[in-house]
Amino acid sequence: MEGSSRRFDIIKVGFIGFGEVASTMASKLLAMGIEVLTATKGRSERTRTLAHDLGVSECDDIREVSRKSDIVISAVTPGVAVKVAKKVGDHVKGVYVDINNVAPSTVKEALSHISNGRVVDAAIMGRITKDLRVKILASGDSAHEFARLSDYGFNIEVRSGRVGDASALKMLRSSYTKGVSALLWETLLAAYNMGLDEDLLEILEETEGEGFRERAISRVMSLAFHSKRRYEEMKDVKSFLSENITPIMSKCTSKIFKEIIMRLDDLGRSFEDYSMIFDHIKRSL
Ligand SMILES: NC(=O)c1ccc[n+]([C@@H]2O[C@H](COP(=O)([O-])OP(=O)(O)OC[C@H]3O[C@@H](n4cnc5c(N)ncnc54)[C@H](OP(=O)(O)O)[C@@H]3O)[C@@H](O)[C@H]2O)c1
């Protein structure tokens, strides 16, 4: 009983920006009977079609979206996160959530423009998929209000009451996972060149646990596929870490990613296993 009465506390969810993230979330909310609002005037054909096809309620502009929504989610191109927050800052009546992939300092700046102070820093920990299983970390004064969307199939985890913490955790995780991938790449490449890659994977599995072999190979393949994106993301990680420490590892990680881009060019996706990748690198030297 309690669950069903809570479910309809949130009656309107608005989106600023209506691309992949907004349309995926909106689709789930609409299916659960929640009204979804956005404004697509002046936006691209893709954005207008996504909103129209789902039957989202159209507002005149993002200020109207902000006035009418119980929760308004900013899901825009990262470069305009601050600009849109500034534009709607005095119009937000409910809770404003910045879910963009931006540094903690940027999210703090964006949220400082929301004059009612009901703000949430949210970080999607991976790619968004239709089932919405991806974890979304949330921090800030109103994080618990945003987390009520978990009743509608979202996977939201509140980490703290401080704006910036969710985005910082995402960056720190990124620093760790990318660093591990770079280390694996370098070590496995050296082992492959010596004809010892199979032995190395076997020995490491003894200490790293079952499934390590598959995970390691998957990381190496994924790095070859996405080296350009990873390299770009490392720039943000490095500058974020620099605010707190003098980073060393992340600089090396970036160097390795750059080397991979140089050696593979755009061929990353065309290889079926790591031996093909490493053979190609050997030939390019
Ligand atoms: N996709 C994911 O799996 C994922 C995962 C983690 C984090 N994120 C973050 O979530 C945010 C949204 O990602 P997405 O994949 O949905 O991006 P997207 O598909 O590129 O959509 C971005 C949306 O923002 C709109 N937009 C751009 N500038 C705007 C402005 N000044 N005012 C209003 N709307 C504006 C775009 O409209 P136009 O089409 O007219 O340009 C588009 O509708 C990004 O910050 C991204 O880094 C995404």
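These numbers come from a predicted model, not from an experiment.

Colleague: Explain the nonpolar core here, please?
Modeller: Soluble globular proteins: nonpolar side chains tend toward being buried together. Counting residues in each nonpolar core, the largest one holds 72 residues, and the members touching the most others are Ile73, Val97, Ala122, Ala138 and Phe146. The biggest single contributor to this core is helix α8 (residues 165-193), with seven residues. A domain split of this core shows at least three residues from each of domain 1 (2-161) and domain 2 (168-284). The residues touching Phe146, leaving out its near neighbours within four places in the chain, are Ile71, Val95, Val97, Val120, Ala122, Ala138 and Ile156.

Colleague: How should I be thinking about the pairing of strand β1 (residues 12-16) in this particular structure?
Modeller: In regular strands, side chains alternate between the two faces of the sheet. Taking burial as the measure, the five residues of β1 include four buried ones, the bulk of the element. Regarding topology, helix α2 (residues 20-31) serves as the crossover connection from β1 to the parallel strand β2 (residues 35-38), and that connection is right-handed. Relative to strand β4 (residues 71-74), β1 runs parallel, the two being bridged by four bridges. Bridge assignment links Gly14 to a residue of β4, and that residue is Val72.

Colleague: Help me out: how do you make sense of the environment of Asp236 in this one?
Modeller: Examined against the element boundaries, Asp236 turns out to sit in helix α11 (residues 227-242). For the pair Asp236 and Pro247, spaced eleven residues apart in sequence, the C-alpha separation works out to 12 Å. Apart from residues no more than four positions distant in its own chain, Asp236 is found in contact with Ala103 and Met171.

Colleague: Help me out: how do you make sense of the packing of α8 against helix α13 (residues 274-284) in this one?
Modeller: Relative placement of two packed helices is described by the angle separating their axes and the distance separating the axes. In contact at an axis separation of 10 Å, α8 and α13 are set at 75 degrees when each is read in the N-to-C sense. Taken together, α8 and α13 sit at an angle that is classed as roughly perpendicular. Together, Leu188, Leu189, Tyr192 and Asn193 of α8 and Tyr274, Ser275, Phe278, Ile281 and Lys282 of α13 make up the contact between the two elements. Taken together, the residues of the contact of α8 with α13 sort by class into six nonpolar, two polar and one charged.

Colleague: It is not clear to me how the environment of His52 should be interpreted in this structure. Could you clarify?
Modeller: Within the fold, His52 resides in helix α3 (residues 45-54). By C-beta crowding, His52 is classed as exposed, having 12 other C-beta atoms within 10 Å. For His52 and Thr40, which are twelve residues apart along the polypeptide, the C-alpha to C-alpha distance reads 9.2 Å.

Colleague: How should the domain arrangement of the protein be read in this particular structure?
Modeller: Buried accessible area, meaning the area lost when the parts come together, often serves as the stated size of an interface. By the assigned domains, the protein splits into domain 1 (2-161) and domain 2 (168-284). One C-alpha centre belongs to domain 1, the other to domain 2, and the line joining them spans 33 Å. Grouping the amino acids of the side of domain 1 that touches domain 2 by side-chain chemistry returns five nonpolar, no polar and one charged.

Colleague: Would you mind going over the sheet that holds β2 with me for this structure?
Modeller: Picture the strands of a sheet paired through backbone hydrogen bonds; they go either parallel or antiparallel. Read from one edge to the other, the open sheet built from eight strands follows the order β3-β2-β1-β4-β5-β6-β7-β8, with strand pairing classed as mixed. Each edge of the sheet is formed by a strand with only one pairing partner; in this case those strands are β3 (57-58) and β8 (155-160).

Colleague: Mind showing me how you'd approach the packing of α11 against helix α12 (residues 249-264) here?
Modeller: At their nearest, the axes of α11 and α12 sit 9 Å apart, and the two run at 160 degrees to each other. With respect to α12, the element α11 is oriented roughly antiparallel. In this structure, α11 crosses over α12, and the sense of that crossing is left-handed. Mapping the contact onto sequence places Ser227, Lys228, Arg230, Tyr231, Met234, Val237, Lys238 and Leu241 in α11 and Ser250, Lys251, Thr253, Ser254, Phe257, Lys258, Ile260, Ile261 and Leu264 in α12. A class-by-class count of the residues in the contact of α11 with α12 yields eight nonpolar, four polar and five charged.

The rules behind each value
Residues numbered from 1 in each chain as written. Predicted model: local features only at pLDDT ≥ 70, side-chain atom pairs only at ≥ 80, totals over all residues. Core = buried A, V, L, I, M, F, W, Y, C linked by C-beta atoms within 7 Å. Buried ≥ 20, exposed ≤ 12 C-beta atoms within 10 Å, placed from the backbone. Helix = DSSP H or I, 4+ residues; strand = E, 2+ residues; numbered from the N terminus. Domains from an automatic or database assignment. Contact = placed C-beta atoms within 7 Å. Right-handed = clockwise from strand over helix to strand, strands pointing away. Pairing = 2+ DSSP bridges. Axes fitted to C-alpha atoms, helices over the stretch in contact; angles between N-to-C directions. Parallel < 35°, antiparallel > 145°, perpendicular 65-115°, else oblique. Nonpolar A, V, L, I, M, F, W, Y, C, P; charged D, E, K, R; others polar. Left-handed = near helix turned anticlockwise from the far one by under 90°.

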